[in-house]
Amino acid sequence: MQGFGVKIGLAAGLLAAGFGATPAMAEKVKFEFWYGLSGDLGERVQDACKKFNDSQANFEIVCTSQNGYPETVQNAIAAYRAKKHPAIVQVFDGGTLDLMLSGAFVPAKKLMEDNGYKIDWSNYFPGIANYYATAKGELNSFPFNSSTAMFYYNVDAFTKAGIQGAPETWEDVEAAARKLKAAGYACPFGFSFDSWATVEQFSAIHNQPIATKNNGYDGLDAELTLNKTKLVDHLTFFKKMTDEGLFVVKTKQLGMDVVPAFTSETCQMIQTSIADHGTVGKTIKQGTKWDVTMLPVWKGTARQNSMVGGASLWVLNNRPEAEYKGAAAFLNFIAQPDMVEWWSTVTGYIPVTKTGFEAMKAKGFYDQPAFKGREKAIASLTFTPTSANTRGIRLGGFPQIRKEISDAMEGIFFGKLTVQAGLDQAVERGNVILRRFEKTYAGKVLN
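Residues numbered from 1 in each chain as written. Predicted model: local features only at pLDDT ≥ 70, side-chain atom pairs only at ≥ 80, totals over all residues. Heavy atoms only, no water.

### Some remarks on the overall build of the chain
To be explicit about the condition: Secondary structure elements follow DSSP: runs of H or I of four or more residues count as helices, runs of E of two or more count as strands, with numbering from the N terminus. The reference for a compact globule is 2.2 Å times residues^0.38; the radius of gyration itself is calculated from the C-alpha atoms. Here's how the labels work: a residue is buried when its accessible area is under 20% of the maximum for its type, exposed when over 50%, partly exposed in between, all with a 1.4 Å probe on protein chains only. Note on contacts: a residue pair qualifies if any of its non-hydrogen atoms lie within 4.5 Å across the two residues. With residues, only the protein chains shown are counted as cover, and all accessible areas are computed by Shrake-Rupley using a 1.4 Å probe. Under the convention used here, Asp and Glu are negative, Lys and Arg are positive, and both His and the chain ends fall outside the count. Charge positions are represented by NZ for Lys, CZ for Arg, CG for Asp and CD for Glu.
From N to C terminus, the chain includes 18 helices and 11 strands. For 447 residues, the compact-globule formula gives about 22 Å, and the C-alpha radius of gyration of the chain, at 23 Å, lands near that figure. Viewed in the frame of its principal axes, the chain has a C-alpha envelope of about 80 × 55 × 40 Å. Taking all 447 residues of the chain together, 57% fall into the buried category. Within the chain, contacts between residues separated by at least 24 positions form 77% of all contacts whose residues are at least 6 apart in sequence. As displayed, the chain offers around 19000 Å² of accessible surface, 53% of which is attributable to carbon and sulfur atoms. Of the charged side chains in the chain, 47 are positive and 44 negative, and the gap between their average positions amounts to 1 Å.

Listed below in structure tokens is the structure:
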């Protein structure tokens, strides 16, 4: 986001053209919302903001994209220090602990209670709420654009290659990749160096830890352990498949990321967020048959729930009270059933509440061809009750740790590092980040 100053509207009426102010002439209270989504999803956020502004006459939300999740957090922190921060900021899953320990926010429950809203907090799916809640289960922020990783596959290509049904195991994926290659497809499975899908979601559904201390929930002294889990064998498999030309690296830097690789039918299988479901539907050639399913597990695995991805909305403190009234009104507005359904329709993100999901199901939302399959994301998130390895990852400096994992994966798949050496490197460098974070917040206790 490139905006720096914060424009504060006046709640009271103003004198204008020599006339005394009246309620009808009172200016709207302006408040800012900074978010990280861009492209098509960013435009949908702007649509939500416009809907709110058009729905009432008291407030005006000014929404500005920061063109990326990490950038949004960095910009918000800098603006907060300069006392020029927005009322609301969208923070992705990896930045949750940074915000929690900053103390720079108004807890979700307090904000809504102070402004007269009664919220059934137990209505949020536990697998979503736990990521953003205290140990007591009280939400610090508002789940907004929630997702999980899914497996996308081209049904037409599968049919041509003689493959029936969705892959349920990685053994199935290997068999499908070999048949697709034999049928003439150059890229059976495309993947990137995204830690979220390949490392974090894999670890969750296979009940593998990312770090000690219950993935960081039990203390800032956690250490990474992903170089000693089933992830080592999983990435070894990926490397073998890549060397055989059955898995193909697809990144922006190499000219094509995984989603366009799938929608252009360059690659026939990918793993990416359910949030991309809408984009795939809009951009893949009309008439092409494709589908989504839960991420595969290795044969013999007792599948666990996947972890929530996406972001939540945090309300920052030290803003005028009038802005908090506007922030609460906006957060209440986007939580209404019609807005929940609209948001899921135009994006691919999943409803974050049980009632929202049930209402959409009852209306036949998931029976419509354009949206069919999205309900599987809920099934994945709620497959089992959350456990120590599946409720989330609460590590300091996690955006930087993700970068270290991504860099290690790049080294592995470009032949510069062995799988073990790459993961060892990511763990060593990641632990340096953790110790630096622990020192910064010395004496702070996770609540």
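### A closer look at the domain arrangement of the chain
Put simply, the test is: An automatic or database domain assignment supplies the residue ranges for each domain. A 1.4 Å probe defines the accessible area here, and the buried area is the portion of it lost by two parts on being joined, summed over both. Salt-bridge detection follows one rule: a side-chain nitrogen of Lys or Arg within 4 Å of a carboxyl oxygen of Asp or Glu. Nitrogen and oxygen atoms within 3.5 Å of one another constitute a polar contact, given that in protein one can donate a hydrogen and the other can accept it, and given that sequence-neighbouring residues count only through two side-chain atoms.
Domains assigned within the chain are domain 1 (29-147 + 308-382) and domain 2 (149-305 + 397-441). Here the C-alpha centre of domain 2 lies 26 Å away from the C-alpha centre of domain 1. With both chains or domains summed, domain 1 and domain 2 bury close to 2000 Å², and 55% of this area falls on carbon and sulfur atoms. A per-residue breakdown of the area domain 1 buries against domain 2 is headed by L101, K376 and S380, which together make up 23% of the total. Taken together, the links from domain 1 to domain 2 amount to three salt bridges. The partner of D93 in a salt bridge is R402, and the shortest N-O contact between them spans 3.1 Å. Here domain 1 is connected to domain 2 by eight residue pairs in polar contact (both at pLDDT 80 or more).

### Regarding the packing of helix α1 (residues 39-55) against helix α14 (residues 337-346)
For the record, the criterion: Every axis in this analysis is a line fitted to C-alpha atoms, fitted for helices over the stretch in contact. Angles between the N-to-C directions lie between 0 and 180 degrees. Relative orientations are named as follows: roughly parallel for angles under 35 degrees, roughly antiparallel for angles over 145 degrees, roughly perpendicular for angles from 65 to 115 degrees, and oblique for any other angle. Here a crossing is called left-handed whenever its near helix is offset anticlockwise from the far helix by less than a right angle, and right-handed whenever the offset is clockwise. Amino acid classes used here: Ala, Val, Leu, Ile, Met, Phe, Trp, Tyr, Cys and Pro are nonpolar; Asp, Glu, Lys and Arg are charged; the rest, including Gly, are polar.
Contact geometry for α1 and α14: axes closest at 10 Å, N-to-C directions at 160°. By the criterion of interaxial angle, the relationship of α1 to α14 is roughly antiparallel. Handedness of the α1/α14 crossing: right-handed. Two secondary-structure elements touch here, α1 through D40, R44, V45, D47, A48 and K51 and α14 through M339, W342, W343 and V346. The residue inventory of the contact of α1 with α14, partitioned by class, reads six nonpolar, no polar and four charged.

### Remarks on unusual backbone geometry
Its identity as a non-glycine residue notwithstanding, N214 has a phi of 55°, on the positive side. The backbone phi angle of N215 is positive, close to 60°, even though this residue is not glycine. With respect to the helices and strands, the residue N215 is situated in helix α9 (residues 212-215).

### Things to note about helix α2 (residues 69-81)
For clarity, the cut-off: To estimate how far a helix should extend, the number of its residues minus one is multiplied by 1.5 Å. Directions from the helix axis toward the C-beta atoms define the arc.
Helix length check: α2, at 13 residues, gives a terminal C-alpha distance of 19 Å against a target of 18 Å (1.5 Å per residue), a fit within 8%. Within α2 the residues assigned to the buried category are Y69, T72, V73, A76 and A79. Looking down the long axis of α2, one finds its buried residues gathered within 135° of arc, a one-sided arrangement. Along its buried surface, α2 packs onto β1 (29-35), β3 (88-92), β5 (142-147) and β11 (309-316). Positive backbone phi, at 60°, marks K83, one or two positions downstream of α2.

### Details of the pattern of salt bridges
On inspection of all chains with the given rule, the structure shows 22 salt bridges. Two residues, D243 and K239, come together in a salt bridge whose shortest N-O distance is 2.9 Å. Note that D243 and K239 are positioned in helix α10 (residues 231-243) at a spacing of four residues, about one turn of the helix. Judged by relative accessible area, K239 falls into the buried class, the value being 18%. Within this structure, D40, E43, R44, D47 and K282 form a network of salt bridges that share partners.

### Concerning the packing of aromatic side chains
As a reminder, the rule being used: In this analysis, rings of Phe, Tyr and Trp, with Trp reduced to its six-membered ring, are considered paired at centre separations within 6.5 Å, and the interplanar angle assigns stacked below 30 degrees, edge-to-face beyond 60, and tilted for intermediate values.
Counted according to the given criterion, the structure contains 39 aromatic pairs. Where W170 meets F189, the ring centres are 6.0 Å apart and the plane angle is 85°; that geometry is what we call edge-to-face. Placement of the pair is W170 in helix α7 (residues 170-182) and F189 in strand β7 (residues 187-191), with a sequence separation of 19 residues. Judged by centre distance (5.8 Å) and plane angle (5°), the ring pair of W343 and Y349 falls under stacked. As far as burial versus exposure is concerned, W343 and Y349 are alike and both buried. The structure contains a cluster of three or more aromatic residues connected by ring pairs, namely F151, W170, F189, F191, F193, F237, F238, F247, W298, F413 and F414.

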